[in-house]
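For reference, the chains in residue letters:
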Amino acid sequence: MHASPIIKLGGLSIDLSAVIMLTVTCVIVFVLARLAVRNLSVENPSKLQNFLEWVVEFVHNIVASAMDMRKGKPYISLGLTLILFIFVANLLGLPFAIVTDLPADTKVFGVVLEPTKDLAPGEHSDVLWWKSPTADASVTMALALMVIVLTHYMGITRNTKGYFKHYIEPYVPFLPLNLIKEFAKLLSLGLRLYGNIYAGEVMIAVILGLSAWGIPALVVWQGFSVFVGAIQSFVFVMLTMVYMSQTLVHEEHH
Amino acid sequence: MGALALVAAAIVFGLGALGAGIGNGLIVGRTVEGISRQPELRGTLQTTMFIGVALVEALPIITLVLAFIFYGQA
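Read on for a plain summary of the structure.

Attention shifts here to the overall build of chain B. Across its full length, chain B carries three helices and zero strands. Along chain B, helices and strands appear, N-terminal first, in the series α-α-α. Burial statistics for chain B: of 74 residues in total, 28% are counted as buried. A separation of at least 24 residues holds for 81% of the contacts in chain B among residues at least 6 apart in sequence. When the accessible surface of chain B is totalled, it reaches about 4700 Å², and 72% of it is carbon and sulfur.

Structural data, given as structure tokens:
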């Protein structure tokens, strides 16, 4: 397995490949979106405009299926951002990976890279620079944390009474279970995305180990990985909207 | 410790695969039944099936990651 280019800055460990890949994802999504809104036309839309309109309608349907559209309208942009970002992020690790052999004590920005720290003078360590950012647990857990914190914030500010009441629904002894439910939501949301994409990348590495005999297997697996990337981004957005609707709309008594 | 880590990886992933197989089988089986009863709901049922599969597969995928971690520590 390849090492990650981690540097320690001010007591924090920063994974440079995650930083680089997140920036690449942001740039790609931004360029895609900006290209799609150039020369907007109602009668004669360009292919990219048509595609993005389809994505917006898709997200609209996801939000509509989870909550009433009067409450749900602001969340379409959240859903659109998440689905485009996560889909592009999932796809980035599929075409290629960039691995460099680095000698002992290589420095980046004047700080030594962790994997090259304790190497003997002749040894090299393989460092992976290009991968899917969502194949890193810290990235996916950060996305999940952002979503869960947002649902709690929306619940506290928009639906205060219902939000605090839902912790003791249906009966008061359910309080610890409801608290555990919040943590389970956070963990499962983040780890589901991480596990799917990371396992896909490890499988690619295993198939590459078969050299030429693995070519048909790799073709099939790449196709399946594109499919999995799309499904996981869809499920992430769907669950975001479901959790949002659970904290926002809690006036019904079951 | 090395050999036990391999056994742990095998057990955790084996049980995860069992759960994934049974869960996905139930989901897709019921979806096929639903489609056969009401062919016009095919699109909705298919979408719900994919969501269900992704949710059920979450834990077995986590066991896969755990198996890789154990395997690396063997």
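This part takes up the packing of aromatic side chains. Under the counting rule described, the total for this entry stands at 12 aromatic pairs over all chains. Measuring from ring centre to ring centre gives 6.4 Å for Tyr198(A) and Phe68(B), while their planes differ by 90°; the resulting arrangement is edge-to-face. Of this pair, Tyr198(A) sits in helix 7 (residues 175-208) while Phe68(B) sits in helix 3 (residues 58-72), placing the two residues on different chains. A relative accessible area of 27% places Phe68(B) in the partly exposed class. With a centroid separation of 6.3 Å and 40° between ring planes, the pair formed by Phe224(A) and Phe227(A) is classed as tilted. Here Phe224(A) and its partner Phe227(A) are both found in helix 8 (residues 215-248), three residues apart, which amounts to about one turn of the helix.

Within the largest apolar cluster, 45 residues are counted, with the highest numbers of intra-cluster contacts made by Tyr75(A), Leu82(A), Leu189(A) and Phe236(A). Of all the secondary structure elements, the ones that give two or more residues to this core are helix 1 (16-36), helix 2 (47-66), helix 4 (75-92), helix 5 (137-158), helix 7 and helix 8 of chain A together with helix 2 (42-56) of chain B. Not counting residues up to four positions away in its chain, the partners in contact with Tyr75(A) are Val63(A), Met67(A), Met154(A), Arg158(A), Met241(A), Met244(A) and Leu248(A). Leu16(A), Val108(A), Val111(A) and Trp129(A) belong to the second largest nonpolar core, which has eight residues in total.

Here helix 4 of chain A is 18 residues long and its end C-alpha atoms lie 26 Å apart, about the 26 Å a rise of 1.5 Å per residue gives. Here helix 4 of chain A lies mainly inside the structure; 14 of its 18 residues are buried.

This paragraph deals with the environment of Pro39(B). All names here are of chain B. Relative to the assigned elements, Pro-39 resides in the loop between helix 1 (2-37) and helix 2. When its relative accessible area of 52% is taken as the criterion, Pro-39 is described as exposed. As for Pro-39 and Ile-62, which are separated by 23 residues in sequence, their C-alpha atoms are 35 Å apart.

A separate point is unusual backbone geometry. A negative phi angle characterises most non-glycine residues, just as the trans form characterises most peptide bonds. Residue and element names in this part refer to chain A. In this model, Asn-39 sits at a positive phi of 50°, which is unusual for a non-glycine residue. Its location among the elements puts Asn-39 in the loop between helix 1 and helix 2. Non-glycine residue Ser-211 carries a positive phi angle of around 40°. Inspection of the secondary structure assignment puts Ser-211 in the loop between helix 7 and helix 8. When its relative accessible area of 55% is taken as the criterion, Ser-211 is described as exposed.

Okay, the environment of Thr25(A) next. Residue and element names in this part refer to chain A. Looking at the secondary structure, you find Thr-25 in helix 1. Classification of Thr-25 as buried rests on a relative accessible area of 0%. Spatially, the C-alpha atom of Thr-25 lies 8.2 Å from that of Pro-133, the residues being 108 residues apart in sequence. Discounting chain neighbours no more than four positions away, the residues touching Thr-25 are Phe-85, Val-88, Ala-89, Leu-92 and Pro-133. Within the local environment of Thr-25, its side chain forms a polar contact with the backbone oxygen of Met-21, the two atoms lying 2.7 Å apart.

Residues and elements named next belong to chain A. Following the criterion strictly, the structure yields six salt bridges over all chains and no others. Here Asp-15 and Lys-131 are joined by a salt bridge, their closest N and O atoms 3.6 Å apart. Residue Asp-15 is found in strand 2 (residues 12-15), and its partner Lys-131 is found in the loop between strand 6 (124-130) and helix 5; the two are separated by 116 residues along the sequence. Within this structure, Lys-8, Glu-114 and Lys-117 form a network of salt bridges that share partners.

On to the packing of helix 7 of chain A against helix 8 of chain A, then. All names here are of chain A. Running from N to C, helix 7 and helix 8 cross one another at 175°; their axes reach a closest spacing of 11 Å. Considering the angle they form, helix 7 stands roughly antiparallel to helix 8. In this structure, helix 7 uses Lys-185, Ser-188, Leu-189, Arg-192, Leu-193, Asn-196, Ile-197, Gly-200, Met-203, Ile-204, Ile-207 and Leu-208 to contact helix 8, whose residues at the interface are Ala-217, Leu-218, Trp-221, Gln-222, Val-228, Gly-229, Gln-232, Val-235, Phe-236, Leu-239, Tyr-243 and Gln-246. A breakdown of the residues in the contact of helix 7 with helix 8 according to their chemical character gives 15 nonpolar, seven polar and two charged.

Rules behind the numbers
Residues numbered from 1 in each chain as written. Chains lettered and ligands numbered in written order. Predicted model: local features only at pLDDT ≥ 70, side-chain atom pairs only at ≥ 80, totals over all residues. Heavy atoms only, no water. Helix = DSSP H or I, 4+ residues; strand = E, 2+ residues; numbered from the N terminus. Buried < 20%, exposed > 50% of the residue type's maximum accessible area, 1.4 Å probe, protein only. Contact = heavy atoms within 4.5 Å. Areas by Shrake-Rupley, 256 points an atom, 1.4 Å probe, with all protein chains shown as cover. Phe/Tyr/Trp six-rings, centres within 6.5 Å; stacked < 30°, edge-to-face > 60°. Core = buried A, V, L, I, M, F, W, Y, C linked by side-chain atoms within 4.5 Å. Expected span 1.5 Å × (residues − 1). Polar contact = N/O pair within 3.5 Å; in protein donor to acceptor, adjacent residues only side chain to side chain. Salt bridge = Lys/Arg side-chain N within 4 Å of Asp/Glu carboxyl O. Axes fitted to C-alpha atoms, helices over the stretch in contact; angles between N-to-C directions. Parallel < 35°, antiparallel > 145°, perpendicular 65-115°, else oblique. Nonpolar A, V, L, I, M, F, W, Y, C, P; charged D, E, K, R; others polar.

Any functional reading would require information beyond the geometric quantities listed.
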